[in-house]
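# Architecture at a glance
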Amino acid sequence: MRRFRVGRVLATLTLVPAAALAVSAPSFGEAERAAHIDSGKQRVKYGKRVTLHGKFPDAPNTAIEIRFRRAGADVFRTVRNAKTGPRGGYRVRVRPRATGHWRAEVANPQELRADGGLLAPGTADLETGSHRIRVKSKTKARLSRANVVRGSKTRVKGRVLPATGGRKVVVRVGGKSYTTRTNKKGKFSRSFRVNSTGTRKVRVEAKGDRRATGSKDRAGRVTGYRPAAASYYGPGFYGNRTACGQTLTPGMLGVAHKTMPCGTKLKLMYGGRVVRVRVIDRGPYAGHREFDLTEATKRRLGFGSTGTVYASR
């Protein structure tokens, strides 16, 4: 066993600087104790809730304020009050209604103490940095009339939230576009003319602005109709086979047409009522009329013996 003299050991220790023997402790309020805020999301839909969470390591069991600054605004405003837990953590549910920045602040910093003494300025994090959340707007749209005689107008109405005036709204019908803008309540309205027969989708898109990104909605489908002379048939023919190979019954929906292929789908409108039918037979062959309605179709529309219906594919 090798022996060491005490004197040599002591002499060696005297050569070690005293500063190297000291164990440094983190000072109060260092970076690892910084207050922070987060939501885990950078974009949410208008009206949806999100949880803001974070920590004030220097302020356990302390009242805090959740503050918000809307995009384009100059100041933060308090929207919620909360309290940190024993370790300084907090969780608060909010409902963002506009794009902007969120942060948390100690509500009463003058009451915050550490080691029995009042905290000096700069020794604790009394507020978090800001956390930006973008809000996606919400668009609702509907048609005033979905079934329109060709050449007439219908209208799209709706609202975009958050409500701001002047937001651009584009209404698309088939391959055409029509523009309008919202009023101060976020409402909009735009009329357009239906110049052809057939059914087309109507879509609405609200463009984004500082307060929220854009959004879309389906307003429905608009159908344009043309006038057509019609009559009805049925009694005396029940039980017979139609030209399209079906057995005619009193409850069968359908129409007879001279040239349209069997099975062709049609929409008929009369007196505000609409019914979907197929071509099931040939005719009519009198009175220069275009359609012969079955008795069931006649009843569904409230149609008389002869007259004008409105047809569309």
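Residues numbered from 1 in each chain as written. Predicted model: local features only at pLDDT ≥ 70, side-chain atom pairs only at ≥ 80, totals over all residues. Heavy atoms only, no water.

### Brief notes about the packing of aromatic side chains
This structure, assessed with the given rule, holds 5 aromatic pairs. Where Phe68 meets Trp102, the ring centres are 4.6 Å apart and the plane angle is 40°; that geometry is what we call tilted. Taken as a pair, Phe68 in strand β4 (residues 63-70) and Trp102 in strand β7 (residues 100-106) lie far apart in primary sequence, 34 residues in all. As far as burial versus exposure is concerned, Phe68 and Trp102 are alike and both buried. Considering the side-chain rings of Tyr178 and Phe192, the 5.5 Å spacing of their centres and the 25° angle between planes classify their relative orientation as stacked. Of this pair, Tyr178 sits in strand β15 (residues 176-181) while Phe192 sits in strand β16 (residues 187-193); the two residues are 14 residues apart in sequence, bridging distant segments of the chain. When its relative accessible area of 16% is taken as the criterion, Tyr178 is described as buried. It is Arg103 that lies over the ring of Phe76; its NZ or CZ is 4.1 Å from the centre. Over the ring of Tyr232 we find Lys298, and its NZ or CZ is 5.1 Å from the ring centre. (Phe/Tyr/Trp six-rings, centres within 6.5 Å; stacked < 30°, edge-to-face > 60°. Helix = DSSP H or I, 4+ residues; strand = E, 2+ residues; numbered from the N terminus. Buried < 20%, exposed > 50% of the residue type's maximum accessible area, 1.4 Å probe, protein only. Lys NZ or Arg CZ within 6 Å of the ring centre and 35° of its normal.)

### Regarding the confidence of the model for the protein
Here the protein averages 88 in pLDDT, while 85% of its residues score no lower than 70. Under a pLDDT of 50 for its full length, residues 1-33 has, in the predicted model, 14 contacts with residues more than four places off or in other chains. (pLDDT = per-residue confidence, 0-100. Contact = heavy atoms within 4.5 Å.)

### Considerations on the pattern of salt bridges
Going through the model one piece at a time under the given rule, you end up with 8 salt bridges. Where Glu295 meets Arg299, a salt bridge forms, and the shortest distance between an N and an O atom there is 3.8 Å. Of the two residues, Glu295 and Arg299 are both situated in helix α3 (residues 295-301); the distance of 4 residues between them amounts to about one turn of the helix. Take Glu295: its relative accessible area is 24%, and that puts it in the partly exposed class. The class of Arg299 is partly exposed, set by a relative accessible area of 46%. Residues joined by salt bridges that share partners form a network here, namely Arg67, Arg103, Glu105 and Glu127. (Salt bridge = Lys/Arg side-chain N within 4 Å of Asp/Glu carboxyl O.)

### Structural notes on the state of the cysteines
Considering all chains together, one arrives at 1 disulfide under this definition. There is a disulfide in this structure between Cys244 and Cys262, and the S-S distance comes to 2.0 Å. Linking Cys244 and Cys262, the disulfide has an S-S dihedral of approximately -80° and is accordingly described as left-handed. Taken together, the residues Cys244 in the loop between β18 (215-233) and β19 (255-256) and Cys262 in the loop between β19 and β20 (265-270) connect sequence positions 18 residues apart. (Disulfide = S-S within 2.5 Å.)

### Here's the deal with the sheet that holds strand β11 (residues 138-143)
The 3 strands lie next to each other as β11-β13-β16, forming an open sheet whose pairing is antiparallel. Single-partner strands in this sheet number two, and they are β11 and β16. Strand-to-strand twist in this sheet, taken as the mean axis angle between neighbours without regard to direction, amounts to 20°. Strand direction decides the pairing type here: strand β13 (residues 153-161) and β16, joined by 7 bridges, are antiparallel. (Pairing = 2+ DSSP bridges. Axes fitted to C-alpha atoms, helices over the stretch in contact; angles between N-to-C directions.)

### Regarding the sheet that holds β4
One open sheet accounts for 5 strands, arranged β2-β10-β7-β4-β5; its pairing is mixed. Of all strands in the sheet, those bounded by a partner on one side alone are β2 (43-45) and β5 (77-83). Strand-to-strand twist in this sheet, taken as the mean axis angle between neighbours without regard to direction, amounts to 30°. Where β2 lies against strand β10 (residues 131-136), 3 bridges are found, and the strand directions are parallel.

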